Amino acid sequence: MRVVHFQRATELFVALISILVMLGWFVQSQLVVQLHPSFHPMQFNTALGFLMCACMLHCLRTKKNQIAVIFAVMLGLFYGLTLLQYLSDIDIGIDKLFVDPFLLHADAYPGRPGANTTLCFLLLSLFGFVSLSRHPRAVWWCGLITTCVVGMSLASLWGYLVGTEFLAGWSSYLSGMAVHTAIAYLLCGWLAYSYLGCERTVSREWYSAFHPVQPVLAMVIMTLTISTAMRAWHKQNVQQIIAEKNALLGESMNHALSTNGQAYERMVKRWQNNPQMPSVAWRVDARGYIVDLPALVSMHLRSGADGVKWDEPEHSENMSLITRPTLHGSTTISLVSTNDDALIVQQINFGLDSDSHSSLIAVSSMRRLIEELGSSYLQDFKIRVLSDNTIYYATDSVYTLDESMTSSFFLNIGDHGDDVQLSFIPRSSFFINARSPWPNAVLIGGLFLSGIVWVMVHQASQLAIARTKAQQAAMLKIHAKELEASNAELTALNSELEQFTYSMSHDLKSPLLCINGYMKMLEDHLQDMKVDHKLGVLIEPINRAVNQMSKMIESILTLYKVSRHQDKHRDIDLSEIVDQAVSSAEYQIDSAGASVQVKGNPLPVHANQELVLSVLQNLIGNAMKYARVDGQELKIHISTTRVGDMVQLSVEDNGPGIEPRFREKVFELFQRLGDAQADGTGIGLNIVNKVAQIHSGRAWVEESELGGAKFSITLPRAHAPEVKPSNQVIAVA
């Protein structure tokens, strides 16, 4: 009873949570719907699903199976459509069917329950159907379904505890499971487990519902989910580290290019201030730039009239990159691809006089720039420079790469604008160094603990089964001893009953015969003495009482004999039994001026011939005693009717009948509802009822079509082919 109280309280609590959340959506209460700003909200459809779950589990517990199936169908249909929306990426309008959501997740579908929430509701709907199945493994499947729901809800709660978004929602773009949603699932899981326990404890199927695989499966689900979440969290951290390193190198390169440009501007100003600078001084200045500035490989001075005037180093291989300036006083930066490098060409145009244009051209190596600024990254990353999907430069790729972890940063390179990307692609060596041992440790540790739990639960289950078997064996021994004692007691009682019967048949009848003899002698003596006849009137009741008691003793003996003839059943022809019963009562029938009709050919039955004969004799005799009405001919009809696998034998009359309130009482022992002076013992109908019970039938009385009472009993049909009934009516008058 205590479990039932807990079940009722849990069902009520889940229903109250769902109703409260639905009201919270209507009144736009963030506290009720979300509990905390950092948590996922419980959607309106989720609260509606919990209300249907509570109703379904309540109906299962209270044996209202048809209503439980209705709720299971509603739950499966509603959340089946939600799952269809996830799989097909379409919106059929059920997310906002009842209320327009006021709390929105940045990347999730508005108002839609989470994918894990949807899956749990579908599993609970399946639980409603499977729990009503009669399949031998239905209980095991119910336990498996419930364990999956409990495992996913525990994983979500663990995600909130450790701050892992993946555990609560499985993805950053899916709606997650709310805290109170996970708690409600745990309560529904407890209700499902308790329902299985209350239903299956007696038949020991409870152990199969809690097979060791159930708790182990819950632990494995939690272990895999937590390990996967930790891997996803670690991967996010690694991506963030790669992005930070990429941004650091990119900013350093942009800063180096900007610093170089400022140095070039200073060189141009020195040249403009001293246009007569000799070649040697210019070369020394340029050589110092090449040594001091990052990645600078060559410098060129171009005169508008004479073309290339000076270059450092002399006869540089980069002469082909020098172009004629087109703009006066402007600066251009270009990216040029070579066989094994990408060159950054920065050109500063200036004029020495009003008619000529000159320019300073500085050529920097992207490879040298990366090697100088990002030398610490080359071991763990492949660095690539590309623009408009064209790769200008890439470090060599010797190790395994993970292209999915690529991080990009934009470089400020003049004419290319912001279209030049610096990409970081991690090598396998980076993952080896950055790999966290905790996801694998959690996975291995969880699986190891699951194995230990499996062994413990298996041993506990086997121990419980063995203990139950031992208890049952002990109870069987106790019951066997009690049965032996009862059999011995019953044997003794039967022996006493036989002795009692013998006493009734001899010891009780002998005094009655003696009394009857002496009363006869007394009556003859009084007649000889010619005594007043009033004394003879007093002797008559004594004789009648003695005869009545003698008949009662005979009836009790008959009742005892009925119980001794329970196993002598065979196929018998009722026609012979009816003829014999009518013939034995022919004298009483003629004396009363009655008529007995047997309708049709009586159907054969499988019964005890002596007992059926006693039934007919009792019923015909009762009709002769109690159904006679002055001035009216007594009619008695005997008939048989097939009722399924039984045959209904009926005896009816046209007498006064029996009132409905006495129709069950007449079959009790020593009950006489007729004339107190009638020659009866009150045992005959009790014999009829007992014969019906011996033959797995029943006896009853109802109103007859003739106007009187109709007594009927049912007897088993004969095993042999029966004779088809005819319409013949046998009359005895």
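Below is a short write-up of the structure.

Thresholds applied
Residues numbered from 1 in each chain as written. Predicted model: local features only at pLDDT ≥ 70, side-chain atom pairs only at ≥ 80, totals over all residues. Heavy atoms only, no water. Helix = DSSP H or I, 4+ residues; strand = E, 2+ residues; numbered from the N terminus. Expected span 1.5 Å × (residues − 1). Buried < 20%, exposed > 50% of the residue type's maximum accessible area, 1.4 Å probe, protein only. Contact = heavy atoms within 4.5 Å. Axes fitted to C-alpha atoms, helices over the stretch in contact; angles between N-to-C directions. Parallel < 35°, antiparallel > 145°, perpendicular 65-115°, else oblique. Left-handed = near helix turned anticlockwise from the far one by under 90°. Core = buried A, V, L, I, M, F, W, Y, C linked by side-chain atoms within 4.5 Å. Phe/Tyr/Trp six-rings, centres within 6.5 Å; stacked < 30°, edge-to-face > 60°. Lys NZ or Arg CZ within 6 Å of the ring centre and 35° of its normal.

Attention now goes to helix α5 (residues 115-130). End to end, α5 covers 23 Å across 16 residues, agreeing with the expected 22 Å (1.5 Å per residue, within 8%). Where burial is concerned, most of α5 is hidden: 12 out of the 16 residues are buried. Among the residues of α5, Ala115, Asn116, Thr117, Thr118, Cys120, Phe121, Leu123, Leu124, Ser125, Phe127, Gly128 and Val130 are the ones counted as buried.

Here we take up the environment of Ser125. Note that Ser125 resides in helix α5. For Ser125, a relative accessible area of 4% translates into the label buried. For Ser125, the contacting residues outside a window of four places in its chain are Ala72, Leu75 and Gly76.

For the pair helix α3 (residues 44-61) and α5, interaxial distance at closest approach is 11 Å and the crossing angle is 20°. Taken together, the axis directions place α3 and α5 in an arrangement best described as roughly parallel. As for how α3 packs across α5, the hand of that crossing is left-handed. Residues Thr46, Gly49, Phe50, Cys53, Met56, Leu57 and Leu60 of α3 form the contact with α5, whose own contacting residues are Thr117, Phe121, Leu124, Phe127 and Gly128.

Our next topic: the nonpolar core. One finds Phe50, Phe127 and Tyr185 to be the most contacted residues of the largest nonpolar core, which totals 47 residues. The element that contributes the greatest number of residues to this core is α3, accounting for 11 residues. Core analysis: the next-biggest nonpolar cluster, separate from the first, contains 45 residues, Val582, Ala607, Ala692 and Ile694 among them.

Here the focus is the packing of aromatic side chains. This structure, assessed with the given rule, holds 12 aromatic pairs. Geometrically, the ring pair formed by Tyr377 and Phe381 is edge-to-face, given 6.5 Å between the ring centres and 90° between the ring planes. On the accessibility criterion, Phe381 (1% relative accessible area) is buried. Taken together, the aromatic side chains of Phe50, Phe78, Tyr79, Phe121 and Tyr185 make up a single cluster linked through ring pairs. Positioned above the aromatic ring of Tyr86 is the side chain of Arg112, whose terminal nitrogen or guanidinium carbon lies 5.1 Å from the ring centre.

Next up on the list: unusual backbone geometry. Residue Pro313 is reached from Glu312 by a cis peptide bond, and omega for that bond is 0°. Along the chain, Pro313 falls in the loop between β2 (307-312) and β3 (331-337). In the Ramachandran plot, Leu35 falls in the positive-phi region, its phi being about 70° despite a non-glycine side chain. Along the chain, Leu35 falls in the loop between α2 (30-34) and α3. Its identity as a non-glycine residue notwithstanding, Ser696 has a phi of 60°, on the positive side. Locating Ser696 in the fold gives a position in the loop between α19 (684-694) and β15 (699-703). Accessibility expressed as a relative area gives 65% for Ser696, which makes it exposed.

Mapped onto the elements, Met549 comes out in helix α15 (residues 533-563). Spatially, the C-alpha atoms of Met549 and Leu512 are 8.2 Å apart, while their sequence positions differ by 37 residues.

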